[in-house]
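A look at the structure
The residues making up each chain are set out below.
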Amino acid sequence: MGQKTVVIYGAATMGQELVQAVATAGCEVILIDHSEEKLNTGLKKVEAALDAEIARWGLTSGEKRAIISRIKGSTDIREAAKGWLVIETLKETLDVKRQLFRELDATCRPSTIIASNSATISITEIAAECKYPERTIAMHFQSPIPKVPLVEISRGQKTNNETFESAVRFAKMINKNAVTVYDCPGFITTRIILPMINQAVKVLEEGIASCEQIDTAMKLGFGLNAGPLALADKIGVDTVVFYLENLYAETFDQSYLPAKLLKKLVRAGYKGIKTSKGFYRYGSDGLRLAASGLKVEQLSQAVHQ
Amino acid sequence: MTNTSVMAKGLVQRVGMAGSTIDYRKGDDGKKKVFECDILDHKIGIQKIFELLTSGEDAVLKSLEELGAVGHRVVHGGDKFSSSVLVTEEVKKAIHECITFAPLHNPPNLKGIEAVEEILPKIKQVTVFDTSFHQTMKPEAYIYALPYMFYEKHRIRRYGFHGTSHRYVASRAAKLLGKPLETLKLITVHLGNGGSVCAIDKGKSVDTSMGHTPLEGLAMGTRCGDLDPALILHIMKEYELTISEMDNLLNKHSGVLGISQISSDLRDLEEDWPKKSERANLALDVYSHRIKKYIGAYIAVLNGCDAIVWTAGVGENSPIVRSIVHGQMDWLGVKLDLAKNEITWRGAEGEITTPDSKVKVLVIPTNEELVIAQDTMDCINK
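An account of the accompanying structure is given in this report. Per-chain numbering applies: the sequence of each chain, read as written, is numbered from 1 onward. Chains and ligands are labelled by the order in which they are written, letters from A for the one and numbers from 1 for the other. The predicted origin of the model limits local features to residues at a pLDDT of at least 70 and limits the giving and counting of side-chain atom pairs to 80 or more, whereas totals for whole chains, interfaces and linings rest on all residues. Remark: hydrogens and water are excluded; side-chain values derive from all non-hydrogen atoms of the structure.

This part takes up the pattern of salt bridges. One speaks of a salt bridge when a side-chain nitrogen belonging to Lys or Arg is within 4 Å of a carboxyl oxygen belonging to Asp or Glu. Under the definition given, this model contains 35 salt bridges over all chains. A salt bridge links Glu245 of chain A to Lys263 of chain A; its shortest N-O distance comes to 3.1 Å. Taken together, the residues Glu245 of chain A in helix α10 (residues 237-251) and Lys263 of chain A in helix α11 (residues 260-267) connect sequence positions 18 residues apart. In this structure, Arg158 of chain B engages Glu216 of chain B in a salt bridge whose closest nitrogen and oxygen atoms are separated by 3.1 Å. Taken together, the positions of Arg158 of chain B in the loop between α5 (149-154) and α6 (163-177) and Glu216 of chain B in the loop between β9 (204-208) and α7 (229-238) put the pair 58 residues apart, joining distant regions of the chain. Classification of residues uses two cut-offs on accessible area relative to the type maximum, computed with a 1.4 Å probe and protein chains only: under 20% is buried, over 50% is exposed, and between them is partly exposed. A residue is classified by how much of its surface remains accessible, and Arg158 of chain B, at 8% relative accessible area, is buried. A relative accessible area of 22% places Glu216 of chain B in the partly exposed class. Three or more residues joined by partner-sharing salt bridges are found here, namely Glu53, Arg56 and Lys147 of chain A together with Glu245 of chain B. Labels follow the DSSP assignment, with helices taken as runs of H or I lasting at least four residues and strands as runs of E lasting at least two, numbered in each case from the N terminus.

Below, the structure written as C-alpha cells:
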C-alpha cells in the first residue's frame, strides 16, 4: 500500500470499471462506498468482469488472482487518506460532488490529489468549498474504462502544475492517452457526442427513421463503434438528460436542450441497459434483443405502460 | 577464463510490485534464503543485491571494489549485435532502439545497466544478447515471405532467441563428442517455458524455430507456436477480439495449456502418463510432434547431423517427450537407448543413444550464467 494506492469513491458502474482498469494496470486500489450493499455488489461485478475477460482470453486466472489481491473495499471515508490519489465517480450533480470533495478535503493529507470523474460539471465549482483546491482536478474516463484508452483531464482554476503533471503520469501508468482541456465542462467527448445523441432522438421522434436505421447509418457512415441511440442506452438515458441539462445550464446552447422523448423515456423508466429497456430492449445478460428498437408508432403507448 | 566457480547466486522478483522478493544463496548449492523487501525499481533491486554480496553472514565480497565487471543478459539486440559487447553510450542507444522488438524485456534490461552505472560509475559492463548467436543465419532463413518493405523499413525478420543456451550446449556437445565444433552439424533443442530448436553448422546458427518474437515455432507451455496466420484474422473477427485479447490468447492461453486445459507445466501432464487423460496425451503428442518436425527439417537444412542435443527444464528432465520425439527416427539414423533415456535427468549429462546410432542424442544441462560470465571476461580483456 502507501505510495501506490489509488482510492476510487463510488461503487456504481464507472467506479467498478475504474477499479478494474487501475488494478489491472498493477496499482493497489481501495473502493469506497457509503453503502455496504452497493460496495459488495460493486466488488462482485468487478470480479465478474474479470471472469468475462478470462472467458475471452483477455486474462489468465493467475493474473486475475493478482488483480483481485490488489483490490480492497471499504465503507469508511477515512480510508481515503491511504491513497495518493482519490477519484470520485458519484452521481452527476453538483451538490453531491461538492459535498464529497469537502469531506475528502478534510480527510486526506493536503498532498493527496482529489480527482472527479465528472463529465459535465466544472471542477472549479466542485472544488469551490475545498481548503486546498490546488490539488483538485477532473479526470474524465470513458466507459467501458478498461477498453477505452482515453482520459480527458481538465484543470480547475486553482489546480497547480504538480497535480496536473501527476494526473498525466497516472494516466500513462494505466495505459490511457491523456487529452487536456482547461476547466471545460463536457470536455471534448461529452460536449460533441451529446448534440449528436439529442439529434438522433429528434430524428426518431419525428418519425424520419427507426432506431436501427439511425444507428446503422451513423455507425457505418462514420465508422463509430456504436450508433447514438445504442450509446444513449449504454450511458443511461437519465444520465444523458442530466448531462444535457448541465451543459445547457453552462452554455445556454440550444443544441443541449433535451429532446422531449428523452424526458418521456426517463419518466417511464426506460433508462437504457441498466433497466433492460431504453431505445432497445435487453436481456438479463445486458445483450440487446433482436429487432427490439422502439417503434415510433408505439411511442405513446410505450411510455405509458 | 581458466577457473570458474559460483560464489553466490540469486533472483530478484516482482520489481515495482507489491510483495517483491530476493532469493539468494552463497555458493553453487548453498541454502536458499528468501528476503522480502520493497523493491520499487531496478536500481533498488541492484543495490540490494550488492548489499547481500558484501554484508551479512552470507557475504562473499569484502567490498564492491573486488568486482571486475558486470555482465547483463539482454533479450533483443535486433540485427545490430552479432556478439556480446562492452557497454558504451552507442550500445545503450542501440538497445533502446530495439525496444520495439521486445517491449516487455528490453526496457528492464536497460534499467539494470543504468542502475549499475549509477551505483558503480567506473565499472565495466557487458551485454550478452539472446539474439546475437543467430545473426549468422542467412537471408533465406530469416526473411519472411511478406512485402520486402517490412524488412527494409522496420527490420521485420526472424531473429531467434535462447542464443546463449544454444551456443553453450553446442560447444559442450563438441567436448563430449571429442571433436572440434568446427567439424560438427548439430541440432539443439532448448525446452523451458518457451522452447526453440536450432540448426548449428560448424558452430554457427543457420536456422532456428523462433522468429521475430518468441511466439513462432514450437508449441510451448502457453504459446501456440507455428499457426496458419489466417486463423488469427478469423478468430478475431468471429469472437470480436481486440488486439490485446488476441495477443493474450496466443501467448498465454495456448500451447499445451490450451490443448490440455490442465496445465502449462509438462510435469503435470506427464504424471501417470499415458493414463492421465486423453487430452494430456494429445497435448504431449502435439508438443513432441512439432519438435520432431523441426528436427527433420533441420537435418535437411544441415544436410546431415552428428548429434541432437536436449537442454533446459523440459529438455533435461523429460524422458517421455524425448522418447516420443525420437521414437521411429531410425531411418534418420537415431536409435534411442531407452534405459539411458530414462535415467538421464535432474542435472545429468550424457548420451542417450545406442552405440550403433549414427546420430548421437545428448542431454546437456544448460548454463547461461556461465556464458554471460565468460563473455564478460572476454569482452573486458579485449
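For the bond from Ser143 of chain A to Pro144 of chain A, the omega torsion is -5 degrees, close enough to zero to count as cis. Among the structural elements, Pro144 of chain A can be located in the loop between β6 (136-141) and β7 (150-155). Here the bond from Trp273 of chain B into Pro274 of chain B is cis, since omega is 0 degrees, no more than 30 degrees from zero. Examined against the element boundaries, Pro274 of chain B turns out to sit in the loop between α10 (266-270) and α11 (278-302). In this structure, Arg155 of chain B takes a positive phi of about 55 degrees despite not being glycine. Topologically, Arg155 of chain B is positioned in the loop between α5 and α6. Even without a glycine there, the phi angle at Asn303 of chain B is positive, about 55 degrees. Structurally, Asn303 of chain B can be placed in the loop between α11 and β10 (307-311).

Let us look at the interface of chain B and chain A. Contact with chain B, which involves 12 residues of that partner, is made by 11 residues of chain A. Carbon and sulfur atoms make up 50% of the surface buried where chain B meets chain A, a total of about 1100 Å² over both sides. Buried area, as used here, totals the accessible surface that two parts lose on assembly, with accessibility defined by a 1.4 Å probe and the loss added over both. Broken down residue by residue, the surface that chain B buries against chain A is led by Glu245, Lys252 and His253 of chain B, which jointly contribute 44%. Here chain B is connected to chain A by three salt bridges. Linking Glu245 of chain B and Lys147 of chain A is a salt bridge whose minimum nitrogen-to-oxygen distance equals 2.8 Å. Polar contact criterion, stated in full: a pair of N or O atoms within 3.5 Å, where within protein one must be able to donate a hydrogen and the other to accept it, and residues adjacent in sequence count only if both atoms are side-chain atoms. Along the contact surface separating chain B from chain A lie eight residue pairs in polar contact (both at pLDDT 80 or more). Charged means Asp, Glu, Lys or Arg here, nonpolar means Ala, Val, Leu, Ile, Met, Phe, Trp, Tyr, Cys or Pro, and polar covers whatever is left, Gly included. Across the side of chain B that touches chain A, the residue classes break down as six nonpolar, three polar and three charged. Should any heavy atoms of two residues lie within 4.5 Å, those residues are considered in contact.

For the rest of this paragraph, the subject is the sheet that holds strand β5 (residues 85-86) of chain B. Residues and elements named next belong to chain B. When DSSP locates at least two bridges between a pair of strands, those strands are taken to pair. The three strands lie next to each other as β4-β6-β5, forming an open sheet whose pairing is mixed. A single partner strand is all that each edge strand has here, and the edge strands are β4 (69-74) and β5. Where β5 meets strand β6 (residues 124-129), two bridges bridge the pair, whose relative direction is antiparallel. Across the sheet, the residue bridging to Val85 is Thr127, located in β6. Strands β4, β5 and β6 of the sheet are contacted by helix α2 (residues 89-97), whose axis makes an angle of about 35 degrees with β6. Where helix α3 (residues 106-119) meets the sheet, its contacts fall on β4 and β6, and the angle it forms with β4 comes to roughly 170 degrees. Orientation is described by axes fitted as lines to C-alpha atoms, over the contacting stretch for helices, and by angles from 0 to 180 degrees between their N-to-C directions.

What follows covers the packing of aromatic side chains. Given two aromatic rings, their pairing is described by the distance between the two centres and the angle made by the two planes. Two rings from Phe, Tyr or Trp (for Trp, the six-membered ring) form a pair when their centres are within 6.5 Å of each other. A pair whose planes differ by under 30 degrees is stacked, one over 60 is edge-to-face, and the rest are tilted. Summed over the entire model, instances satisfying the criterion amount to eight aromatic pairs over all chains. Note on Phe81 of chain B and Phe129 of chain B: the rings are 4.3 Å apart at their centroids and 10 degrees apart in plane angle, and the pair reads as stacked. Separated by 48 residues along the polypeptide, Phe81 of chain B in the loop between β4 and β5 and Phe129 of chain B in strand β6 bring together distant segments of the chain. Each member of the pair Phe81 of chain B and Phe129 of chain B is classed as buried. Summarising the aromatic geometry, the rings of Tyr148 of chain B and Tyr151 of chain B are spaced 5.5 Å apart at their centres and angled 55 degrees between planes, so their arrangement reads as tilted. Residue classification places Tyr148 of chain B among the partly exposed positions, given a relative accessible area of 47%. In this structure, Arg288 of chain A is placed above the aromatic ring of Tyr280 of chain A, and the distance from its NZ or CZ to the ring centre is 3.7 Å. A ring is considered to have a charge above it if a Lys NZ or an Arg CZ atom is located within 6 Å of its centre and within 35 degrees of its normal. We note Arg157 of chain B situated over the ring of Tyr142 of chain B; from NZ or CZ to the ring centre the distance is 3.6 Å.

On to the environment of Gly16 of chain B. Within the secondary structure layout, Gly16 of chain B lies in the loop between β1 (8-13) and β2 (21-26). Residue classification places Gly16 of chain B among the partly exposed positions, given a relative accessible area of 26%. As a C-alpha pair, Gly16 of chain B and Ile295 of chain B span 279 residues in sequence and 41 Å in three-dimensional space. Excluding its chain neighbours within four sequence positions, the residues that come into contact with Gly16 of chain B are Lys4 of chain A together with Ile39 and Leu40 of chain B.

This part takes up helix α7 (residues 189-205) of chain A. All names here are of chain A. In a regular helix each residue adds 1.5 Å, so 17 residues correspond to 24 Å; α7 covers 24 Å between its end C-alpha atoms and thus fits that length. Those residues of α7 not exposed but buried are Thr190, Leu194, Pro195, Ile197, Asn198, Ala200, Val201 and Leu204. Just past α7, the residue Gly207 takes up positive phi, approximately 75 degrees. Expected helix span is taken as 1.5 Å per residue step, with the number of steps being one fewer than the number of residues.

Attention now moves to the sheet that holds strand β2 (residues 28-32) of chain A. Residue and element names in this part refer to chain A. Reading across from one edge, β3-β2-β1-β4-β5-β6-β7-β8 is the order of the eight strands in this open sheet, with mixed pairing throughout. With one partner strand each, in any of the chains shown, β3 (71-74) and β8 (177-182) form the two edges of the open sheet. Strand-to-strand twist of the sheet, defined as the mean angle between neighbouring strand axes without regard to direction, takes the value 25 degrees. Alignment of β6 against β7, held across five bridges, turns out to be antiparallel. Counterpart to His140 in the pairing with β7 is Glu152. Against the sheet, helix α6 (residues 161-173) makes contact with β1 (5-9), β4 (85-88), β5 (113-116), β6, β7 and β8, and its axis sits at roughly 25 degrees relative to β6, the strand it touches most.

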